[in-house]
Amino acid sequence: MTLLTNILDYNQQFVQEQSYEEYRTTKFPDKRLVILTCMDTRLVELLPKSMNMKNGDVKIVKNAGAVVSHPFGSIMRSLLVAVYELQADEVLVIGHHDCGMSAIDSHQILDKMKDRGIPEETLDTVNYSGIDLHDWLKGFSSVQESVAHSVDMIKNHPLMDKNIPVHGLVISPETGKLDLVVEGY
């Protein structure tokens, strides 16, 4: 059996037993909050539990490192939609200690791409198209500085409502302890 088969089999039972009932809510966050955080597996349940959040309370946007790397990319678009269409009145950027993005090496990732069959010509084409792959794939050395940078990009975005508080925090993936980096009020 494949992982996908296992997921689909479980899902069929989940729906048949109406297990979804306890998760019913609306598309609007009850606590009027949107969170940008990392996709780290340790945070899937720990982050909301450590903040007393349940299904329906918040919008959660995830990516590698909780980073806003482009002012007009999909992360910023998602945050703007949460504010203007889905009634979020505050933004939290939550990075975490021991983040994989803090140890990332663009050269190693590109080598792994080649090892998996991405031709050098494809990488050259992307580079010649104006994308600096090393810059695009770079990580960060300080999670606090990265969070502060993302907060700054969101807060100063030309399309963001200036009355929206944007906060920055760092969570421990071991204990769930939150440390304040930027208080946005």
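Criteria and cut-off values
- Residues numbered from 1 in each chain as written.
- Predicted model: local features only at pLDDT ≥ 70, side-chain atom pairs only at ≥ 80, totals over all residues.
- Heavy atoms only, no water.
- Disulfide = S-S within 2.5 Å.
- Buried < 20%, exposed > 50% of the residue type's maximum accessible area, 1.4 Å probe, protein only.
- Helix = DSSP H or I, 4+ residues; strand = E, 2+ residues; numbered from the N terminus.
- Arc of directions from axis to C-beta.
- Contact = heavy atoms within 4.5 Å.

Undergrad: Lay out the state of the cysteines in plain terms, naming residues and giving numbers.
TA: Enumeration over the complete set of coordinates arrives at 0 disulfides. For the unlinked cysteine Cys 38, the closest cysteine sulfur is that of Cys 99, found at 4.0 Å. Taking the relative accessible area as the measure of exposure, Cys 38 reaches 4% and is therefore buried.

Undergrad: Residue-level account of helix H2 (residues 43-50), with values.
TA: Turning to H2, its buried residues number three or more, namely Leu 43, Leu 47 and Pro 48. The arc enclosing the buried residues of H2, seen along the axis, measures out at 105°, which places them on a common side. Of the exposed residues in H2, those oriented more than 90 degrees away from the buried face are Glu 45 and Lys 49. On its buried face, H2 is in contact with strand S1 (33-38), strand S3 (90-96) and strand S4 (166-171). Downstream of H2 by a residue or two, Asn 52 has a phi angle that is positive, lying close to 60°.

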